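The lines below spell out each chain.
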Amino acid sequence: MSAEQEIMRPTLLANLLQVVGVNFNHGQKDIRLFEVGKRYVPGRESWTLAAIMAGRRDSDWRRSKREMVDFYDLKGVLEELLSTLRINEYTVNPTEIVVLESGQAATVKVNGKPVGYLGKVAKPIAANFDIKRMNIFYLEVDLELLSEEVGVRQKFVPLNVFPSSVRDISLAVKETDFEAIRVLCIENGKGLLEKIDFVELYTGDKIESGYKGYVLSLTYQAHDRTLTDEEVNVLHEDVVNKLISSLKVKRR
């Protein structure tokens with residue numbers, strides 16, 4: 001359509017840098033942009049997702065001032081994308097890419113297959129678009145390659161219509177962490193332990209030296225019937241006794 005657009009683009013970076021430059025010139029310095037479009041590589045064309053970030057992070061009440069975005073902000077965008085697509089087996093490893101700064105570039109692989117890259121745009125590249133004194137971070141992933149790795153689609157599970165029963169327990173724990181306790185409870189819950197909540201941590205003088213107190217809330221629920229109090233009590237005691245014997249915790 002014009003002399004600037006007569007070549008099939010091998011990357012979406014130039015288009016987004018041009019838009020960033022226009023925004024900077026109009027006083028907008030905090031940038032979050034993306035584009036989905038085609039890029040052209042030898043032998044094929046491919047639908048591609050590109051994202052670009054610059055400026056300050058979003059406001060956060062926990063911080064007194066707004067910090068500047070960096071490589072890890074964009075990496076977080078990538079991780080959220082892959083999580084949404086139910087892709088768990090991926091790596092982000094350092095690499096060298098001509099349009100990105102050395103030491104701030106990484107390639108993205110899913111199940112060992114390269115699907116894209118991300119990093120800080122090299123200053124000479126940004127300068128070509130009249131962008132100076134600002135760090136620009138760019139992500140590009142091949143959507144067609146990514147689509148081949150999408151995880152199994154999740155299915156809706158009907159809500160449980162049967163009532164639940166809750167039992168609390170107070171433990172004295174020496175070295176075991178909550179995750180180890182949670183896993184052991186689930187393994188011994190016979191499919192009826194629906195949820196484990198961490199209620200309280202106690203480290204005061206009323207507990208034995210070297211120990212810390214955990215208060216946990218365990219929710220029991222069946223999907224095909226209403227559990228009786230006797231069933232829940234027996235199962236709960238079995239779970240607690242397994243914790244005591246396997247993890248050397250004490251009941252408070």
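Owing to the predicted nature of the structure, the values given are computational and were not obtained by experimental measurement. (Residues numbered from 1 in each chain as written. Predicted model: local features only at pLDDT ≥ 70, side-chain atom pairs only at ≥ 80, totals over all residues. Heavy atoms only, no water.)

Enquirer: Even after reading the chapter, I still don't get the overall build of the protein chain, so can you show me in this structure?
Expert: Within the protein chain one finds 6 helices and 10 strands. The C-alpha atoms of the protein chain give 26 Å as radius of gyration, which overshoots the globular expectation for 252 residues (18 Å, by more than 25%). Based on the C-alpha atoms only, the size of the protein chain along its principal axes is roughly 80 × 45 × 30 Å. Burial statistics for the protein chain: of 252 residues in total, 36% are counted as buried. Long-range contacts, defined here as pairs at least 24 residues apart, represent 60% of the contacts in the protein chain between residues at least 6 apart. Per element, the accessible surface of the protein chain, about 15800 Å² overall, is 52% carbon and sulfur. A gap of 3 Å separates the mean positions of the 35 positive and 37 negative side-chain charges of the protein chain. (Helix = DSSP H or I, 4+ residues; strand = E, 2+ residues; numbered from the N terminus. Rg over C-alpha atoms; globule rule 2.2 N^0.38 Å. Buried < 20%, exposed > 50% of the residue type's maximum accessible area, 1.4 Å probe, protein only. Contact = heavy atoms within 4.5 Å. Areas by Shrake-Rupley, 256 points an atom, 1.4 Å probe, with all protein chains shown as cover. Lys, Arg positive; Asp, Glu negative; His and termini not counted. Charge placed at Lys NZ, Arg CZ, Asp CG, Glu CD.)

Enquirer: Explanation requested: the environment of Pro163 in the structure shown.
Expert: With respect to the helices and strands, the residue Pro163 is situated in the loop between helix 4 (143-147) and strand 7 (165-173). Assessed through its relative accessible area of 46%, Pro163 is described here as partly exposed. If sequence neighbours within four positions are ignored, Pro163 has contacts with Gln221 and Thr226.

Enquirer: Whenever I open this one, the packing of helix 5 (residues 178-187) against helix 6 (residues 229-247) confuses me. Can you help?
Expert: Two measures define how a pair of helices packs: the angle their axes make with one another and the distance between the axes. Between helix 5 and helix 6, whose axes approach to 10 Å, the crossing angle comes to 130°. Judged on the interaxial angle alone, helix 6 and helix 5 are oblique. Crossing hand, helix 5 versus helix 6: right-handed. Within the contact between the two elements, helix 5 uses Ala180, Ile181, Leu184 and Cys185 and helix 6 uses Val239, Lys242, Leu243, Ser246 and Leu247. (Axes fitted to C-alpha atoms, helices over the stretch in contact; angles between N-to-C directions. Parallel < 35°, antiparallel > 145°, perpendicular 65-115°, else oblique. Left-handed = near helix turned anticlockwise from the far one by under 90°.)

Enquirer: Looking at this model, I keep getting lost on the side chain of Thr107. Mind explaining?
Expert: Structurally, Thr107 is set in strand 4 (residues 100-110). With a relative accessible area of 17%, Thr107 lands in the buried category. In this structure the side chain of Thr107 is engaged in a polar contact, spanning 3.4 Å, whose partner is the backbone oxygen of Gly116. The contact partners of Thr107, leaving out residues within four places of it in the chain, are Thr91, Val92, Asn93, Thr95, Gly116 and Tyr117. (Polar contact = N/O pair within 3.5 Å; in protein donor to acceptor, adjacent residues only side chain to side chain.)

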